[in-house]
Amino acid sequence: MDTLLNISHIDMVFPTPTGGFTALKDVDIQLKKNEFISLIGHSGCGKSTVLNIVAGLYQATTGGVLLNNKEVTEPGPERAVVFQNHSLLPWLTSYQNVELAVEQVFGKSKSKAEKREWIEYNLKLVHMDHAMHKRPNEISGGMQQRVGIARALAMQPEILLMDEPFGALDALTRAHMQDSLMEIQQELNNSVIMITHDVDEAVLLSDRIVMMTNGPEATVGEILDVNLERPRNRLSLAKDPEYNRLRAEVLQFLYEKQRKVEKFELKPNKSTKSNSTSSAASS
């Protein structure tokens, strides 16, 4: 497979009152056509910063991003973003929310009938054609996220960027959304970069898992190839030795090699009685 996106040795330094804060250091990732990559790591490891640089929302301090050998310097419809929050306009129907994206990208190149057919096709792709005329407050959270994905797909992007798209959903809805995403990728052969904190989700969906080290100066720690046959079935994979080996490798990286150490210091108030302090400290 040919390289579609080249994230080339990027650093990201944010200015602060006390000097520059290096969030990312020498991050180097290549995305191939039709490939699904997950970024995983502890909070604060720069996953969203990487995604925002690819989206063109941030400009890397050093290094850069090439899409089809062209430098990425600003947002563009060839890189559609799906956020954790669906970001639908509440006064518009599902159809109208997708229509906004279609008008922006294809307003002059498609006829009215072609645009209507394209909008309906993308809503059907995410199983939302039955509710295309409902507003966000009339449908569930999972259905709202489906519309957000339909809106992104309707831009016909070369890369779909997903920032924890299912993080706010309950476990059952999340599983349904993961299955739908696999169906969509199988039909469209999308190239996807997805941020997740869910190890099972990363192994289930990905062709490769990029594991980030802890920040500051976060970078790529390890990249794990996921050579599981597609289409994938979560029930079958639960007993698959290779699936469980991959899952264990990611867990080992996150919880042994990149253990997130949190320090809590209890500072008793002078007016607090010593016995209360002792009780709090032991709890």
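Structure: above.
Rules used in this analysis
- Residues numbered from 1 in each chain as written.
- Predicted model: local features only at pLDDT ≥ 70, side-chain atom pairs only at ≥ 80, totals over all residues.
- Heavy atoms only, no water.
- Helix = DSSP H or I, 4+ residues; strand = E, 2+ residues; numbered from the N terminus.
- Buried < 20%, exposed > 50% of the residue type's maximum accessible area, 1.4 Å probe, protein only.
- Contact = heavy atoms within 4.5 Å.
- Areas by Shrake-Rupley, 256 points an atom, 1.4 Å probe, with all protein chains shown as cover.
- Pairing = 2+ DSSP bridges.
- Axes fitted to C-alpha atoms, helices over the stretch in contact; angles between N-to-C directions.

## Overview of the overall build of the protein chain
Phase 1: Of regular secondary structure, the protein chain possesses 9 helices and 10 strands.
Phase 2: Each principal axis of the C-alpha atoms in the protein chain carries an extent, and together these give about 75 × 50 × 45 Å.
Phase 3: Considering the protein chain as a whole, with its 283 residues, one finds that 45% of them fall into the buried category.
Phase 4: In the protein chain, once contacts between residues fewer than 6 apart in sequence are set aside, the share between residues at least 24 apart is 68%.
Phase 5: Carbon and sulfur atoms provide 49% of the accessible area of the protein chain, an area that totals close to 15200 Å².

## Notes on the sheet that holds strand E9 (residues 208-212)
Phase 1: Judged by pairing direction, the sheet is mixed, and its 6 strands sit side by side in the order E6-E7-E8-E3-E9-E10 without closing on themselves. The open sheet has two free edges, formed respectively by strand E6 (79-82) and strand E10 (220-225), since each of these has just one partner strand. Adjacent strand axes in the sheet meet at a mean angle of 15°, parallel and antiparallel pairs treated alike.
Phase 2: Taken together, the 4 bridges between E6 and strand E7 (residues 159-163) define a ladder with parallel strand orientation. When the sheet's bridge partners are listed, Val 81 is paired in E7 with Leu 161.
Phase 3: Taken strand by strand, helix H1 (residues 47-55) contacts strand E3 (36-40), E6, E7, strand E8 (191-195) and E9, and its axis lies near 150° from that of E7.
Phase 4: Its contacts with the sheet put helix H8 (residues 241-257) on E3, E9 and E10, and the angle it makes with E10 is roughly 170°.

Geometry only, nothing functional implied.
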